[in-house]
Amino acid sequence: MKNYYHILLLLLLSIIAGGATCFFFIKENYVVSIIFLLVTIGLFSSTCNAIFKIFRDVEFFVEAIKYRDFSKRYAESKNKKDNFYHYFNDITNTFLSLSRENETQQQYLKKILELVDTGILAYDIENFNTLWMNESLKNMLKIPHVKNINWLQKRYEVLHKELIEIPLGENRLLSINVGNQIVKSLTNACTFETNGRTYKLIAFHNINATLEEVEANSWKGLLSVMTHEIMNSVAPVASLADTLKKMIHEEIKRTPNPAFEDIEIAMETIRRRSEGLLKFAETYRNLSKTIIPQIAPENLKEIVNDVHQLMQPSLKQKGISLEIKTGNSLLPAKIDRNLIEQVLINFITNATHAVNEKENPQIIIFSGITNEGNPYITVADNGKGISAEIRDQIFIPFFSTRKNGSGIGLSLSREIVKLHKGTLQVQSKEGEGSAFTILFSN
């Protein structure tokens with residue numbers, strides 16, 4: 001109120017001084033009239049400056065709000081009723097408080113989005129500029145932060161098309177090729193508006209591990225039932241065939257008969273094939289057994305060297321080069337040494353068959369630590385590679401590209417790696433070779 005009284009006082013004095021100017025001018029007292037005229041001009045100027053100052057402060061305050069600049073503070077008197085600038089400070093404090101609350105909420109939301117293992121992507125549906133991309137999505141796709149999703153068109157053309165065309169409110173399964181690895185992701189999308197712009201929000205749920213677990217459990221259940229029924233059914237047949245063979249053999253000794261000899265041969269065939277089927281069922285029953293790893297601290301480099309010494313002589317006889325490449329003398333990991341050695345032997349055995357038609361067959365064992373601090377072992381070969389059509393099938397029990405292959409080596413290997421809370425990665429290019437990598441958790 002003090003500001004208002006001050007302006008009113010100046011205005012009143014200006015009127016009085018103006019009246020005095022007119023009065024002395026009429027009285028022809030020009031000297032006094034000129035003095036009061038100058039006083040009137042000064043008072044009027046002060047009044048205008050006081051009014052304009054208020055307008056300027058209001059204008060600056062409005063601009064500060066517009067551009068969110070709340071750094072300026074206005075002087076206040078002890079009694080807030082004496083001027084109106086305390087209202088500016090109150091409004092400024094309110095905006096600062098709201099801004100801090102909004103920033104806190106944003107930071108809280110960002111932390112939540114970074115902690116979840118679901119990939120999150122939000123982009124402008126008109127210019128395709130990225131509003132948000134969390135770390136889980138960048139790790140899933142092995143890409144840096146992109147400012148515009150059109151960048152994905154060159155690297156992931158199919159994924160880019162799906163991001164544009166993915167329907168709203170529906171789940172869709174995407175198979176994304178990331179570094180020759182197939183990542184299966186369940187995606188769903190919605191839209192939202194903010195600041196007059198419309199954005200599409202897409203969530204990516206990596207379901208590779210879930211699918212592998214469901215698939216493995218399904219196969220284990222099937223194998224358990226199948227082997228149980230086969231062994232229960234075939235065991236009596238093998239026993240009966242052996243008994244009948246012995247009885248016929250005794251009968252032939254007493255009374256030689258060509259017909260009995262043919263029956264004896266048939267019984268021997270039935271017995272032999274029955275025992276073979278029993279061994280087959282016993283072999284595959286291992287897939288349904290629960291493996292309990294004996295975890296202990298080990299040095300992966302020592303394991304690699306031991307496997308190299310074990311496999312090198314036989315591979316050398318076949319003309320296959322087996323090399324070790326590692327840049328670390330100490331690769332600590334908590335593992336079951338015997339199980340991991342068996343996995344490496346499986347990889348090398350498969351690689352041996354893959355390179356058997358190459359002029360310069362070569363198998364290399366790499367070991368080291370990733371940039372994220374995870375120890376790894378890779379068995380790579382320059383063999384015939386794996387076609388994209390069957391890459392998803394190589395871990396299915398009984399599936400094998402070899403005529404005499406059992407189809408259980410890679411299935412067991414993947415189960416062993418999962419028991420170590422690790423990841424089994426496959427990279428392959430048909431005609432150039434394959435690489436199987438065990439990535440251990442740190």
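Everything below is about the structure printed above this text.
We now turn to the structure provided with this report. (Residues numbered from 1 in each chain as written. Predicted model: local features only at pLDDT ≥ 70, side-chain atom pairs only at ≥ 80, totals over all residues. Heavy atoms only, no water.)

1. Examining helix H10 (residues 337-354)
The terminal C-alpha atoms of H10 lie 26 Å apart, and with 18 residues this matches the ideal 26 Å at 1.5 Å per residue to within 8%. By the burial criterion, the buried members of H10 are Leu339, Ile340, Glu341, Val343, Leu344, Ile345, Asn346, Phe347, Ile348, Ala351, Thr352 and Ala354. Its side-chain oxygen at 3.1 Å from the backbone nitrogen of Asn338, Asp336 defines the N-terminal cap of H10. (Helix = DSSP H or I, 4+ residues; strand = E, 2+ residues; numbered from the N terminus. Expected span 1.5 Å × (residues − 1). Buried < 20%, exposed > 50% of the residue type's maximum accessible area, 1.4 Å probe, protein only. Polar contact = N/O pair within 3.5 Å; in protein donor to acceptor, adjacent residues only side chain to side chain.)

2. A look at the packing of aromatic side chains
For the structure on display, the rule yields five aromatic pairs. Ring centres of Phe24 and Phe36 lie 5.4 Å apart, and the angle between their planes is 10 degrees; this geometry places the pair in the stacked category. Residue Phe24 is found in helix H1 (residues 2-26), and its partner Phe36 is found in helix H2 (residues 30-66); the two are separated by 12 residues along the sequence. The class of Phe24 is partly exposed, set by a relative accessible area of 23%. The partly exposed category is assigned to Phe36, whose relative accessible area is 29%. Connected via pairs of aromatic rings, a cluster forms that spans Phe23, Phe24 and Phe36. (Phe/Tyr/Trp six-rings, centres within 6.5 Å; stacked < 30°, edge-to-face > 60°.)

3. Focus: the nonpolar core
Judged by nonpolar contacts, the single largest core of 35 residues is most densely connected at Leu300, Leu344, Phe347, Ile348, Ile363 and Ile438. Put simply, the parts of the chain that give this core at least two residues each are helix H9 (300-317), strand S8 (332-335), H10, strand S9 (362-369), strand S10 (375-381), helix H11 (409-419), strand S11 (423-429) and strand S12 (433-439). No other element matches H10, which puts eight residues into this core. Residues within four places of Ile438 in sequence aside, it is in contact with Val343, Leu344, Phe347, Pro375, Tyr376, Ile377, Val417, Thr423 and Leu424. Judged by nonpolar contacts, the second largest core, of 20 residues, contains Leu152, Ile166, Ile176 and Ile202. (Core = buried A, V, L, I, M, F, W, Y, C linked by side-chain atoms within 4.5 Å. Contact = heavy atoms within 4.5 Å.)

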